[in-house]
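Residues per chain, in single letters:
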Amino acid sequence: MYYLDNNGTTQVAPEVLEAMLPFYTQHWGNPSSAHRSCRPVKEALHQARVSIASLINAQPEEIVFTGCGTESNNTAIHSALCRDAGKKHLITTAVEHSANLKYGQFLQSHGYDVTFLPVEEDGSIDICMLQDLIRPDTAMVSIMWANNETGVLFPIEEVAAICRSKEVAFHTDAIQAAGKVTLDVQSAEVDYLSLSAHKIYAPKGIGALYVKKGTPYSSYLFGGGQESGRRAGTENVAGIVGFGRAAQMAFEDTARSQQTETLRNRMENGILSNIPQTSRNGCKSQRLPNTSNIAFDGVEGEALLLRLDRLGICASSGSACTTGSLKPSHVLLAMGVPARRALSSLRFSLGHYSSEEDVDYLLKHLPEIVSELRGQSPKPQSLEVVT
Ligand SMILES: *Cc1c(COP(=O)(O)O)cnc(C)c1O
């Protein structure tokens, strides 16, 4: 398998699995119990909290473990909305992960006012526009650190400063940025920050939310007193331990991003220079080091994805299949990319285990598949497009 979909999920690192196993076989106690079985478990939870806090330069008490990144995002927004019932305005962007978009749509149908900040053609946001959109009744601004489809990075430090000056709570979904760029909640003064383990070589089903000390917080789940009363439900102990180990590895390995970027650039330049009528979606420089989103004019992205899959290559299209017809990526549409071009775009995302060989294999097969598909593609007018 040639896995080029690391923004979708990552492989569990062997070191992470090794750290987790004792918490299934030996130390399987409930950390909330009163007897001895809980002691090593409690200690391990604490260590994981320390490692995750270190990754973003926070304090361990500021980390709340959740069931996934989606829950972290939902919890942060929920918290801000509970703070003041009179504030019913939320600002987020048009290119967020569905975890934010769908929650925003839910809130809209329940009496809230939600502004989806538009983006420029290169995927960037307009800081001045954001500043003007903040109102006295704005409860929260929630803007991702890095976009999962294009890799475009947002100026989180500046956004945080604006929110601070306007006294509006600020949340950032840093799920794609973690482990790829430096995250520092002291220099970018955010109030809430979301992380997800399965994007940094730990298992699925475990997330974390950073909540700055002194920031109002409202539980999203009600029940037991776990996480200092902030998140009910018995902890996913092994998952948390794995997450902690992965955060530690991400923190210690600073050279990796540079290597990934070199490989990504080789892949991207290889595609753009060897295959005619291809172009990059999203700006070139303010971008994650591992992500490349490419439009293949005149090719159906889904067809290309299937052909690549047959060769063992895993990539991704941002399009969603709803009731049998394809919906182009909301991220690309928000950037003003025409629907047809959005449907001809694929995302390639590299990771720690991506090799020169993976990229060579892709570059060897892609030109031929693309020209074949162009030969067979239906006339552009006949492509059924749903917007
Ligand atoms: C993967 C992802 C999420 C969702 O995280 P889960 O742990 O899968 O719920 C949210 N935001 C971004 C940017 C992501 O890439």
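A few points on the structure. (Residues numbered from 1 in each chain as written. Predicted model: local features only at pLDDT ≥ 70, side-chain atom pairs only at ≥ 80, totals over all residues. Heavy atoms only, no water.)

As for the side chain of Thr138
Here Thr138 is to be found in strand E5 (residues 138-142). Apart from the residues within four sequence positions on either side, Thr138 is in contact with Lys87, His89, Ile91, Leu133 and Val168. (Helix = DSSP H or I, 4+ residues; strand = E, 2+ residues; numbered from the N terminus. Contact = heavy atoms within 4.5 Å.)

Some points on the packing of aromatic side chains
Tallied over the full model, the rule gives 5 aromatic pairs. Ring plane angle 5 degrees and centroid distance 3.7 Å describe the contact between Tyr2 and Tyr361, whose orientation is recorded as stacked. Residue Tyr2 is located in strand E1 (residues 2-3), and its partner Tyr361 is located in helix H14 (residues 356-376); the two are separated by 359 residues in the primary sequence. Of the residues examined, Tyr2 reaches a relative accessible area of 18% and is grouped as buried. For Tyr361, a relative accessible area of 18% puts it in the buried group. Taking the centre distance of 6.2 Å and the plane angle of 15 degrees together, the rings of Tyr103 and Phe106 count as stacked. Of this pair, Tyr103 and Phe106 both sit in helix H5 (residues 98-108), separated by 3 residues, roughly a single helical turn. Take Tyr103: its relative accessible area is 12%, and that puts it in the buried class. (Phe/Tyr/Trp six-rings, centres within 6.5 Å; stacked < 30°, edge-to-face > 60°. Buried < 20%, exposed > 50% of the residue type's maximum accessible area, 1.4 Å probe, protein only.)

Considerations on the nonpolar core
The biggest cluster of nonpolar side chains holds 69 residues, and the ones touching the most others in it are Val141 and Ile143. Setting aside chain neighbours within four positions, we find Ile143 in contact with Thr93, Glu96, Leu117, Ile125, Leu130, Phe154, Ile156, Val159, Phe170, His171, Thr172 and Asp173. Listed in part, the 25 residues of the second largest apolar core include Phe296, Val299, Ala315 and Phe348. (Core = buried A, V, L, I, M, F, W, Y, C linked by side-chain atoms within 4.5 Å.)

Comments concerning the environment of Leu326
Structurally, the position occupied by Leu326 is in strand E13 (residues 325-327). Put simply, Leu326 and Arg36 are 290 residues apart on the chain and 55 Å apart in space, counted from C-alpha to C-alpha.

Details of the packing of helix H4 (residues 69-83) against H5
What describes two packed helices is the angle between their axes and the distance between those same axes. Contact pair H4 / H5: the axes reach a minimum separation of 9 Å and the direction vectors enclose 35 degrees. Judged by the sense of rotation from one axis to the other, the crossing of H4 with H5 is right-handed. The residues of H5 that touch H4, namely those facing Thr70, Asn73, Asn74, Ile77, His78 and Leu81, are Ala99, Asn100, Tyr103 and Leu107. The residue makeup of the contact of H4 with H5, split by class, is 5 nonpolar, 5 polar and no charged. (Axes fitted to C-alpha atoms, helices over the stretch in contact; angles between N-to-C directions. Left-handed = near helix turned anticlockwise from the far one by under 90°. Nonpolar A, V, L, I, M, F, W, Y, C, P; charged D, E, K, R; others polar.)

Structural notes on helix H9 (residues 237-252)
Spanning 16 residues, H9 covers 23 Å between terminal C-alpha atoms, matching the ideal 22 Å at 1.5 Å per step. For H9, the set of buried residues is Val237, Ala238, Gly239, Ile240, Val241, Gly242, Phe243, Gly244, Ala246, Ala247 and Ala250. The inward-facing, buried residues of H9 abut helix H1 (14-20), helix H2 (22-25), helix H3 (39-55), strand E2 (63-66), strand E7 (192-196) and strand E8 (207-211). (Expected span 1.5 Å × (residues − 1).)

Section: the pattern of salt bridges
One pass over the full model with this rule turns up 16 salt bridges. Here Arg280 and Glu268 are joined by a salt bridge, their closest N and O atoms 2.8 Å apart. With Arg280 in strand E9 (residues 278-280) and Glu268 in helix H10 (residues 256-274), this pair connects stretches of sequence that are 12 residues apart. Assessed through its relative accessible area of 25%, Arg280 is described here as partly exposed. For Glu268, the salt bridge goes to Arg287, with nearest N and O atoms at 2.8 Å. In this pair, Glu268 sits in helix H10 while Arg287 sits in the loop between E9 and strand E10 (291-296), placing the two residues 19 residues apart along the sequence. Note on accessibility: Glu268 and Arg287 belong to one class, buried. Each member of the salt-bridge network shares a partner with another, and the members are Arg164, Glu189, Asp191 and Lys212. (Salt bridge = Lys/Arg side-chain N within 4 Å of Asp/Glu carboxyl O.)

A short note on the state of the cysteines
On inspection of all chains with the given rule, the structure shows 0 disulfides. Of all cysteine sulfurs in the structure, the one in Cys163 sits closest to Cys128, which takes part in no disulfide; the separation is 14 Å. Judged by its relative accessible area of 52%, Cys128 falls in the exposed class. (Disulfide = S-S within 2.5 Å.)

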